[in-house]
Amino acid sequence: MPLEIPNLDDRRWEDLVTEARSLIPRTAPAWTDHNVHDPGITIVELFAWLTEMQLYRVNRVSERHREVFARLAGVARRHRIPARVAIRVEGALRVGRTLRAGTQLTPVGADELVFETDEDVPLTASCLIRVVVDDGAAVADQTDANDREGTAFLAFGENAPVGASLQLGFDAFHAGERELRLMFELFDADLREGCGGAGAAAEPIQSTGPAPVEAPVRLAWESRGVGGWSPLEVRQDTTYGLATSGMVTLSTPTGAARHHDLMWIRARVASGAYDIEPRIANVAVNVLRCSQQETVSDERLDDPGSAQAGRPNQRYTLARQALLVPPDAEGSNDAPFPDEPVIVTVAGERWERVDAFDASAPASRHFTLDADTGSICFGNGVNGRIPARSEEIRAESYRTCAGAAGNVAANQRWRFRREDLGAVLRNSAAAVGGADPETLAELELRGQAALRRPDRAVTSADIERIALATPHVHVARAKAIAHCPHPESITVVVLPKVRPRRARLSTHVSAAFRRAVERHLERYRLLCDELHVAAPVFVDVAVSARLRLVKGAGPAMVIARAGEALDRFLRGDLDLTQPSAAAESAAAAPTPCPTRWPFGRAVMLSEIYAVLEGVRGVDTAWAVELDGRRDGAIVSRDAARGIPLPPTGLVVPGAHQIVVDDRRGERA
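Residues numbered from 1 in each chain as written. Predicted model: local features only at pLDDT ≥ 70, side-chain atom pairs only at ≥ 80, totals over all residues. Heavy atoms only, no water.

**Digging into the overall build of the protein chain**
Here comes step 1: A tally of regular secondary structure across the protein chain gives 10 helices and 36 strands.
Here comes step 2: For 668 residues, the compact-globule estimate of 2.2 N^0.38 gives 26 Å, and the protein chain exceeds it by more than 25% at 35 Å.
Here comes step 3: Projected onto the principal axes, the alpha-carbon positions of the protein chain cover approximately 120 × 75 × 50 Å.
Here comes step 4: For the protein chain, the proportion of its 668 residues judged to be buried stands at 44%. (Helix = DSSP H or I, 4+ residues; strand = E, 2+ residues; numbered from the N terminus. Rg over C-alpha atoms; globule rule 2.2 N^0.38 Å. Buried < 20%, exposed > 50% of the residue type's maximum accessible area, 1.4 Å probe, protein only.)

Below, the structure written as structure tokens:
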């Protein structure tokens, strides 16, 4: 239960007046008239009233105190967050050019909402005409899927084998352009559902964090010339081998030759394997990533004729008060001049923003900022220097933001404020992420939730929860095993998600995936803990059995139904009491969880009997045998005729051999 707020002073007006009267004989013996008509008693009552008001304020916690207390608990108040949007430059450009970061755009009809480009963007006059996927077994034209909104396609086919390629056909390449920049938007909505189930920790909200530093595969980018494919220089790849959405910047191909009337480049899987095959929602050129913000420059704050000029505690208000505070500027006292929300100069010299003047010396060039009101305050000469009357005060630059109002709808038309490219600007997806400043009530609720949620990997459940929240990778399940592989060490077994309805469970867990989880856990582990992240040990389990059917049951249908039931069971549907129809309905629901089989749980022969005899149309099952293989080697059965698994082991359903035989042979 929460702590009760103490009452610092419970005296009221009557108590204060009574206490003051009791002190009169000792402090002023000549004062003998203590009745209410006496002017001295009137003054005592007046000051008792003022004192009661001060005591009331002492017992109140101000908004500033509440914010400071939350910051001490490690929860900083969230200020305005700008909306972000990707804007396409559609149509052929006459010539390529580079748009500088900070170029301003507005939606047509909403000129008050200003967006700025996040980075320098090299625009190309080349047009992307065709998108083709070659997975080594078949070639598929995905141009329509790429152009159609709401549709995604596999970049390298279902298995993304080595040699598979994504080929992009352009109308032409232009020698005057140095770079070709491709924007990849990957589809991962089908991977956001949690797995849960036996052996998995509670699914957390996917956390944010630094981008991955390692790609699971090595992609070779190539252009097609007269003699075949030749390498292309990759200048930047923020997709990390198409593992996440981002940009790929290539040197513009030289010596490319036309093939089927187009100029081609391709990304080929040269080595490695994906944990989750990438699905592309869209690949395009000339995409502007923008944030809803407007930069204001060179604004004079002081008024030379103002009465507060040269005096302590000077306070000025910015002309545009919807201030944008970058997340990196929350703790300005830790390092001077980070990415500041406002740059203030006094007489041409830059001053430093601080949260409070508590640690400021008389000569410290400090100021405070109230981001909600856009108010800037200077010191009093004791804590913080006072700007002199003759010194000019300017806000050299600051940014404003409309918060949630910047989340504009999809398919808006846009225009540049100071540019004209002669092309159509449109956003295919809505702007997202814009938020208004957090209220103190919301801050306190978030702080309480943060205090209830452990932020350190103390217990096994903590380790599993934090592993599941690894950013930029999709972890389906995690299991922390103590004293493994040796005493005083912890092995964390991780399993990536899969695309729903995938034909077969992938047993590949890349080193890049494991290292990403390990780097994330390193930030939260206890000092003396030794953590190792490992892939599961996969054991293929195949069942052979003979079935006796009920009268009228179709053999082919029952065999298919029995195989599906075995696969469901070996993927972790362990509820043998669930009706068959309900189990089939649950199995039909798409899920990114590859298996819910508990780590290290043995496969028992008696359970296989129960699964088979629970299938509709089966009377009895007999001659049931289990075949377990690990890396091709046979796994020996234990005394109970089951397949044992190591602590890090998981089951993979194998190729079952089910036959219908009504003979009553000797039961196995």
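**Topic: the packing of helix 8 (residues 555–570) against helix 10 (residues 605–613)**
Here comes step 1: Two numbers describe how helix 8 lies on helix 10: the axes approach to 9 Å, and their chain directions differ by 135 degrees. Considered as vectors, helix 8 and helix 10 are oriented oblique to each other. As for how helix 8 packs across helix 10, the hand of that crossing is right-handed. Touching Ala562, Ala565, Leu566 and Phe569 of helix 8 are Glu607, Ile608, Val611 and Leu612, all from helix 10. (Axes fitted to C-alpha atoms, helices over the stretch in contact; angles between N-to-C directions. Parallel < 35°, antiparallel > 145°, perpendicular 65-115°, else oblique. Left-handed = near helix turned anticlockwise from the far one by under 90°. Contact = heavy atoms within 4.5 Å.)

**Quick word on the pattern of salt bridges**
Here comes step 1: Summed over all chains, the structure comprises 38 salt bridges.
Here comes step 2: Ionic pairing is found between glutamate 214 and arginine 515, a salt bridge with its closest N-O pair at 2.4 Å. Pair noted here: glutamate 214 is in the loop between strand 10 (179–186) and strand 11 (217–225) and arginine 515 is in helix 7 (residues 511–522), with a separation of 301 residues, a long-range link.
Here comes step 3: With relative accessibility at 25%, the residue glutamate 214 sits in the partly exposed group.
Here comes step 4: By relative accessible area, arginine 515 is classed as partly exposed at 37%.
Here comes step 5: Across the salt bridge formed by aspartate 627 and arginine 629, the nearest N and O atoms sit 3.0 Å from each other.
Here comes step 6: Note on aspartate 627: relative accessible area 29%, which makes it partly exposed. (Salt bridge = Lys/Arg side-chain N within 4 Å of Asp/Glu carboxyl O.)

**A word on the packing of helix 1 (residues 13–27) against helix 2 (residues 39–58)**
Here comes step 1: Contact geometry for helix 1 and helix 2: axes closest at 9 Å, N-to-C directions at 135 degrees. Considered as vectors, helix 1 and helix 2 are oriented oblique to each other. Here helix 1 runs over helix 2; the crossing is right-handed. Every residue of helix 2 that contacts helix 1 at Trp13, Leu16, Val17, Ala20, Arg21 and Ile24 is listed here: Ile41, Val44, Glu45, Ala48, Trp49, Thr51, Glu52 and Leu55.
Here comes step 2: Among the residues forming the contact of helix 1 with helix 2, the class breakdown is 10 nonpolar, 1 polar and 3 charged. (Nonpolar A, V, L, I, M, F, W, Y, C, P; charged D, E, K, R; others polar.)

**A word on the nonpolar core**
Soluble globular proteins tend to pack their nonpolar side chains together in the buried interior.
Here comes step 1: Counting 38 residues, the largest nonpolar core has Leu547, Trp597, Val603, Ile608, Leu612, Val624 and Ile643 as its most contacted members.
Here comes step 2: Listing elements by their share of this core, those giving two or more residues are strand 30 (490–496), strand 32 (537–549), helix 8, helix 10, strand 33 (618–630) and strand 35 (649–653).
Here comes step 3: If we skip the residues at most four places from it in the chain, leucine 612 touches Ala545, Leu547, Ala562, Leu566, Val618, Ala621 and Val624.
Here comes step 4: Judged by nonpolar contacts, the second largest core, of 32 residues, contains Ala155, Ala160, Leu166 and Leu232. (Core = buried A, V, L, I, M, F, W, Y, C linked by side-chain atoms within 4.5 Å.)

**Some thoughts on the pairing of strand 14 (residues 246–251)**
Here comes step 1: Among the 6 residues in strand 14, 6 count as buried, and that is most of the element.
Here comes step 2: The sheet contact formed by strand 10 and strand 14 spans 6 bridges and is antiparallel. Note that in strand 14 the partner of leucine 182 across the bridge is valine 248.
Here comes step 3: By the bridge criterion, 3 bridges tie strand 13 (residues 234–237) to strand 14 in an arrangement that is antiparallel. For glutamine 236, the partnering residue across the bridge sits in strand 14 and is threonine 249. (Pairing = 2+ DSSP bridges.)

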